[in-house]
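# An overview of the molecular structure
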Amino acid sequence: MKSVYIKDIYRNVEKYADQTVVIEGWIRTLRASKAFGFIEVNDGTFFNNLQVVFEESLANFSEIAKLSISTSVRVEGKLVITPDAKQPFEIKAINITVEGKSSNEYPLQKKRHSFEYLREIAHLRPRSNTFSAVFRIRSLAAFAVHQFFQEKGFVYTHTPIITGSDAEGAGEMFRITTLDPKKPPVDEKGEVDFTKDFFGKETSLTVSGQLQGEAYALAFRNIYTFGPTFRAENSHTARHASEFWMIEPEMAFADLNDNMELAEEMLKYIINYVLENAPEEMDFFNKFVDKGLLDRLKGVVSSDFGRVTYTKAIELLKECKENFEYPVEWGCDLQTEHERYLTEKIFKKPVFVTDYPKDIKAFYMKLNEDGKTVAAMDLLVPGVGEIIGGSQREDKLELLEERMDAMDLDKEEYWWYLELRKYGSTRHSGYGLGFERAIMYLTGMANIRDVVSFPRTPKSADF
Ligand code: 4AD
Ligand code: MG
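Quick look at the structure, then. (Residues numbered from 1 in each chain as written. Chains lettered and ligands numbered in written order. Predicted model: local features only at pLDDT ≥ 70, side-chain atom pairs only at ≥ 80, totals over all residues. Heavy atoms only, no water.)

### What to know about the pairing of strand β12 (residues 351-354)
Here β12 shows no split at all, with Val351 and Val353 on one side and Phe352 and Thr354 on the other all buried. Taken together, the four bridges between strand β11 (residues 306-309) and β12 define a ladder with parallel strand orientation. Residue pairing for β12: Gly306 is matched across the bridge by Val351. In the sheet, β12 pairs with strand β13 (residues 376-381) via four bridges, with the strands oriented antiparallel. Looking at the pairing, Phe352 lines up with Leu379 of β13. (Buried < 20%, exposed > 50% of the residue type's maximum accessible area, 1.4 Å probe, protein only. Helix = DSSP H or I, 4+ residues; strand = E, 2+ residues; numbered from the N terminus. Pairing = 2+ DSSP bridges.)

### A word on unusual backbone geometry
At Asp18, a residue that is not glycine, the phi angle is positive and equals roughly 65 degrees. For Lys348, which is not a glycine, the phi torsion comes out positive at approximately 55 degrees. Here Lys348 lies in the loop between α11 (336-346) and β12. Given a relative accessible area of 64%, Lys348 falls into the exposed group.

### Remarks on helix α12 (residues 397-406)
Along an α-helix, a turn takes 3.6 residues, which lines up residues three or four apart on a common side. Every buried residue belonging to α12 is among Leu400, Arg403 and Met404, and all of these are buried. Buried residues of α12 fall within an arc of 100 degrees about the axis and therefore sit on the same side. Among the exposed residues of α12, those oriented more than 90 degrees off its buried face are Glu398, Glu402 and Ala406. Asp408 occupies a position one or two residues after α12 and carries a positive phi of about 65 degrees. (Arc of directions from axis to C-beta.)

### With respect to the packing of aromatic side chains
Enumeration over the complete set of coordinates arrives at 26 aromatic pairs. Pairing Phe54 with Phe61 gives two aromatic rings, centres 5.5 Å apart and planes at 45 degrees, and the pair type is tilted. Taking the relative accessible area as the measure of exposure, Phe61 reaches 10% and is therefore buried. With a centroid separation of 5.3 Å and an interplanar angle of 75 degrees, the aromatic rings of Phe363 and Tyr364 are classed as edge-to-face. The pair Phe363 / Tyr364 is uniform in exposure class, with both members buried. Three or more aromatic residues joined by ring pairs form one cluster here, namely Phe148, Phe149, Phe154, Tyr156, Tyr224 and Tyr269. Just above the ring of Tyr356 sits the side chain of Lys361; from NZ or CZ to the centre is 4.2 Å. Above the face of the Trp330 ring, Lys372 is positioned so that its terminal group lies 5.2 Å from the ring centre. (Phe/Tyr/Trp six-rings, centres within 6.5 Å; stacked < 30°, edge-to-face > 60°. Lys NZ or Arg CZ within 6 Å of the ring centre and 35° of its normal.)

### Quick notes on the environment of Gly164
Mapped onto the secondary structure, Gly164 falls in the loop between β7 (162-163) and β8 (204-205). Residues Gly164 and Thr203 lie 39 residues apart in sequence; the distance between their C-alpha atoms is 4.6 Å. Contacts of Gly164, omitting those with residues within four sequence positions, involve Lys201, Glu202, Thr203 and Glu413. (Contact = heavy atoms within 4.5 Å.)

### Quick look at the site of ligand 1
If you check the shell around ligand 1, you find 24 residues, and the closest are Glu168, Gln210, Glu233, Glu248 and Glu386. Residue Glu233 places a side-chain N or O atom 2.8 Å away from a nitrogen atom belonging to ligand 1. Interatomic distance of 3.3 Å between a backbone N/O atom of Gly389 and an oxygen atom of ligand 1. Computed on the free molecule, ligand 1 has an accessible area of 620 Å², of which 93% lies beneath the protein chains in the complex. (Near = heavy atom within 4 Å. Polar contact = N/O pair within 3.5 Å; in protein donor to acceptor, adjacent residues only side chain to side chain. Areas by Shrake-Rupley, 256 points an atom, 1.4 Å probe, with all protein chains shown as cover.)

Next comes the structure, spelled out in structure tokens:
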């Protein structure tokens, strides 16, 4: 007999009621007396476990009664509806076979473990309730992203991971090297020559697919990327990882307003998608991780995001500067505490901050008429802070070159990017959504290490 998925049973109970079914999964809990016992089985297809009752009449009763948590089993039995019990139905076992025993040293015992501890056993934590919920949400949210953009006709563009251009111009790249540290090739002066590494070119892991995305937007009009990006910033915060995933749409014939509209529509779409498709997981987060999460998210999808210019935001923050460790002055980069205050205390909802001073933003952003600010937008959300960074791009060759010179960037390295301004340049805009930050926002999880399967942060690269 073929096994059925526990999810299928939960979603179609009538079909299975009083039928003999087979399930395969792992033991989450087991308690047994002399005459009977209960096993909660989870097969990974669904958040909830399915309870199996087994009795003395089983040939291997005493073996089953002694099994450890996480043993994999195959259970054949009758599905019975139990209207008076805690769980809506259970399986009365006819046969239980053990597929693979688990040792009693299995670390995920029934008690609650701290997230810090679970990070040390990243290979086992997806078997816990919290992490099974996190990573199913992550999968669904990724699908929602694709569905959102595909429904709009955006072309999914695969931008390179190994690249010769620093998309942010911030020098936070991980170098690619094939050099053997024990035998570095040294030149006459005794210096190691790294430039020979990628067939004569120096390359790094990408920090963003934006620049290549712009090239494709100027061919397809609307594109998006969705892939891993890497930042060599040594930030020990709960919101920074060295490797993270980013979604970067780019639209030709679109300005900053079009950009904000798209970002707002996209985020609401993702929220609605997970609320609809993972109600059990979302209830769990609401109860155990972040009380009030569901009400908050439902409020977000049914109201407009706030909008404020950087200049106005600084004025608002200055009025309550006694709340901050870092000073607020026009020209300063907003610190996490400022971002969170704006979105959590002043606006109490997601808010776009626009038109930042040019000196604290990347070289490619379009200069505004005032000559001081650029057409940038960051989306800040309660609980997380910056979740999206984007802008209208500088589409005038001269202005872009001027900006690159002022920032001391080597124009030769960006020759192809500059050419895009020579052959049919047009206004165009895009943004990057940090996927992990989006998952933190959707689940209420407070640390980026807990929304990445095997996180890459300073000091964590064991797995
Ligand atoms: O603001 P950022 O640096 O913008 C860009 O990379 C642009 N090229 C995007 C674009 O316009 N196409 O990064 C975008 C988002 C941030 O808002 C944040 O959510 C996330 O990426 N992010 C990180 N997430 C985790 N760890 C890090 N170290 C991150 N750095 C940025
Ligand atoms: Mg940013």
